[in-house]
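The chain contents come next:
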Amino acid sequence: MTVLIAGAGIGGLTAALSLHAAGVDATVVESAREIRPLGVGINLLPHAVRELTELGLGPALATTGVATTEIVYADHHGTVAFREPRGVARGYRWPQYSIHRGELQLLLLAAVRDRLGPHAVRTGTRLTGFTPAGDTVRVQLQDRATGTVTPTDATALIGADGIHSAVRARLHPDDGPLLWSGVRMWRGTTRAAPFLTGRSMAIVRDGTAELVAYPIGRDRINWVCQVRVADPGPVDGAAAWNRAGDLADVLPYYAHWSLDWLDVPTMLAGATEILEYPMVDRDPLPSWGEGRVTLLGDAAHPMYPVGANGGSQAIVDARVLAFELAAADDIPAGLARYEEARRAATADVVHANRTMQRSHGWGPRELARITDAYRSATGSDVERLNNRPSYTR
Ligand SMILES: Cc1cc2nc3c(=O)[nH]c(=O)nc-3n(C[C@H](O)[C@H](O)[C@H](O)COP(=O)(O)OP(=O)(O)OC[C@H]3O[C@@H](n4cnc5c(N)ncnc54)[C@H](O)[C@@H]3O)c2cc1C
């Protein structure tokens, strides 16, 4: 019997690698029939790069991602209001990487199959329910090709099944709806030369619309456009990750932008594919799991993607989970310690992202205050990360 992880996203795959490294057996079930490099870019912050480096993935990350050296805030004429160093340039012992999310997922998947065996990740297998059964958890798994549901016993169940988590819905049937900030995001990747230092991440604003852009290697720039289109409230539609977006909906907000270091309208028009997504999160939960069942990553703490932290926090969850499980006398005690370590910490990040999203500060002093406050509220300042003991057992 093994620990069963539902979901082969960034969080679930890192959990499998972390448990394996700590000497705990794990199997991952993934509802998608095939794991393909979908999605666009994300940033992995130094606290996540540290964990993946300690799992032996540092060299693979360095060849897949772009080590970001600075963040630049500018207006829609390209005038830079504020810049600050990032990653190693800021003093962290680990880089920050801008990376294609799908390529990161495939890198993690290859490592899981290599280390845990070719059958450690079962695709086309959806978790449909579970019941605690004494010293085990009985999990219902549906084969998506045949529809057959088979019960499987596991020593523990980790719900790493994302923002629409079935495990969370079962644990918290009264959980409220996804909360929409009123901001709509369009995301894409465009073949274009990198800008500024070639390793710069840019946040550009004109008072109505915002753009986040950064290179993710192989002459690709990842971009996210954010426009407030409604007041905060319940989400309209399904909040699906990979819904196709339309250039005609987003381009009008950016057509008049003229930066001399990045041709924004041409970049948007040149995207291979545009995805559309509402900026949503949920209120932090008062508890995550019970007994032998817990949550991890977006299933536990969906957050606005404004601090570049959702995937990074899922990676830290995974490492702490393995660290605590390997040391505990029994599984429920290990999971309780994991939640104790991570629940309040990730709630702080959810709140810090909301604060950041609402902040309208501009100008060097105000932006320095906002970014410093974010690092401090999320426990990710240089000294704290560099001096924290490792989660390796
Ligand atoms: C616009 C935007 C920008 C972002 N930028 C960043 C960034 O710069 N840095 C960062 O760290 N994060 C970023 N994020 C957030 C980040 O992508 C997520 O936090 C991260 O992918 C969460 O990983 P996860 O493994 O918890 O969930 P997911 O990646 O959602 O994986 C969940 C997996 O579970 C599977 N699944 C679902 N239901 C079931 C079931 N019942 N049974 C079995 N499998 C199931 C799904 O198919 C999926 O593969 C961004 C998000 C958005 C929307």
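Residues numbered from 1 in each chain as written. Predicted model: local features only at pLDDT ≥ 70, side-chain atom pairs only at ≥ 80, totals over all residues. Heavy atoms only, no water.

## What about helix α2 (residues 46–54)?
An α-helical segment advances 3.6 residues per turn. Residues three or four places apart therefore align on the same side.
Inference 1: Most of α2 sits inside the fold, with 7 of its 9 residues counted as buried.
Inference 2: Of all the positions in α2, only P46, H47, A48, V49, R50, E51 and L52 are classed as buried.
Inference 3: Just downstream of α2, G56 is the residue with a positive phi angle, here 85 degrees. (Buried < 20%, exposed > 50% of the residue type's maximum accessible area, 1.4 Å probe, protein only. Helix = DSSP H or I, 4+ residues; strand = E, 2+ residues; numbered from the N terminus.)

## Here's the deal with the packing of aromatic side chains
Inference 1: Here the structure, examined in full by the defined rule, presents 7 aromatic pairs.
Inference 2: A ring pair is formed by Y254 and W257, whose centres lie 4.7 Å apart and whose planes are at 65 degrees; its orientation type is edge-to-face. Like Y254, the residue W257 is buried in the burial classification.
Inference 3: Centroid distance F323 to Y391: 5.6 Å. Interplanar angle 65 degrees. Geometry classified as edge-to-face. Linking F323 in helix α8 (residues 310–327) with Y391 in the segment after α11 (382–387), this pair joins segments that are 68 residues apart in sequence.
Inference 4: The cationic tip of R170 hangs over the ring face of F130; the distance from NZ or CZ to the ring centre is 4.8 Å.
Inference 5: Seen from the ring of F323, R393 lies directly overhead, with NZ or CZ sitting 3.7 Å from the centre. (Phe/Tyr/Trp six-rings, centres within 6.5 Å; stacked < 30°, edge-to-face > 60°. Lys NZ or Arg CZ within 6 Å of the ring centre and 35° of its normal.)

## Some details on the pattern of salt bridges
Inference 1: Under the definition given, this model contains 24 salt bridges.
Inference 2: The salt bridge partner of R90 is E84, with a shortest N-O separation of 3.7 Å.
Inference 3: When its relative accessible area of 6% is taken as the criterion, E84 is described as buried.
Inference 4: A salt bridge links E103 to R218; the nearest nitrogen and oxygen atoms lie 2.8 Å apart. In this pair, E103 is assigned in helix α4 (residues 101–116) and R218 in the loop between β15 (209–217) and β16 (220–228), connecting sequence segments 115 residues apart.
Inference 5: Judged by its relative accessible area of 16%, E103 is buried. (Salt bridge = Lys/Arg side-chain N within 4 Å of Asp/Glu carboxyl O.)

## Focus on the UniProt feature "domain: FAD-binding" (unreviewed entry) in the chain
Inference 1: UniProt's entry tags residues 2–171 and 287–351 with the feature "domain: FAD-binding" (unreviewed entry), counted in the numbering of this structure.
Inference 2: Structurally, residues 2–171 comprises 29% helix and 35% strand, and the distance from its first C-alpha atom to its last is 21 Å.
Inference 3: Here residues 287–351 runs as 60% helix and 5% strand, with 16 Å between its end C-alpha atoms. (UniProt positions renumbered as here; feature names shortened; annotations may be inferred.)

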